[in-house]
Amino acid sequence: MPLKAKIANKIVADDNGYTMGEIIDINEIDEHTEKEGKKEVTYASQFEFLIAVEGTKKQTLLRFWTGQNINSEKFENEGDDTTDYNRLTRFLLNMGVLDAKKLSELDKAKLEESELDLEALRGQKIQFKMNKSIKRKGLSVIDIKSIKPLPAK
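Residues numbered from 1 in each chain as written. Predicted model: local features only at pLDDT ≥ 70, side-chain atom pairs only at ≥ 80, totals over all residues. Heavy atoms only, no water.

Visitor: Explain the overall build of the protein to me, please; I cannot follow it from the model alone.
Guide: Within the protein one finds two helices and 11 strands. Its C-alpha atoms put the protein at 70 × 50 × 30 Å along the principal axes. Out of the 153 residues belonging to the protein, those deemed buried represent 28%. At a minimum sequence separation of 6, the contacts of the protein that also span at least 24 residues come to 48%. On the protein, roughly 11400 Å² of surface is accessible, and the fraction owed to carbon and sulfur atoms is 49%. (Helix = DSSP H or I, 4+ residues; strand = E, 2+ residues; numbered from the N terminus. Buried < 20%, exposed > 50% of the residue type's maximum accessible area, 1.4 Å probe, protein only. Contact = heavy atoms within 4.5 Å. Areas by Shrake-Rupley, 256 points an atom, 1.4 Å probe, with all protein chains shown as cover.)

Visitor: Please explain the nonpolar core as it appears in this structure.
Guide: When a protein is soluble and globular, its nonpolar side chains tend to lie buried together. I51, F91 and I147 are the most contacted members of the largest nonpolar core, which has 24 residues in total. Those elements giving two or more residues to this core turn out to be β1 (19-29), β4 (46-53), β5 (60-67), α1 (87-95) and β8 (125-128). Take this core: its biggest share by element is five residues, from α1. I51 has contacts with G21, E22, I23, T60, L61, L62, F64, I126, F128 and I142, leaving out every residue within four places of it along the chain. (Core = buried A, V, L, I, M, F, W, Y, C linked by side-chain atoms within 4.5 Å.)

Visitor: I'm lost on the side chain of Q46 in this one. Help?
Guide: Note that Q46 resides in strand β4. What makes Q46 buried here is its relative accessible area of 16%. If we skip the residues at most four places from it in the chain, Q46 touches N27, E28, I29, H32, W65, T66, G67 and Q68.

Spelled out as structure tokens, the structure:
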């Protein structure tokens, strides 16, 4: 039998570079330690968002991770001189779950946890752009700054 190369299942994007997807699951990941080579790396608690997107051959899953803390403080981005909120805060602002007023109110309230229900984001259709991964060649990752909710049809 002849050996035949397969064709890659590429993520579909529109003419403006946006990919459409749906948040199908959100997982809470506790702080944990993993062995990477000879050293141990400790990862802070995170949220893992699973996004179903169309590929050129079949549907595929993308993931992105954020911390679990909302923070009104902006941080300097690695690699450039811009500042932005942490990944979770930026994502929630883009999704319209948070706004600047609510963010400052959360700071003043001195609460341990917010009343924001991330579960409500399950099933939400979104659009976003992809960036080339800095760490792994040939891999693209979701640009969290570009995520926008799509209106329900």
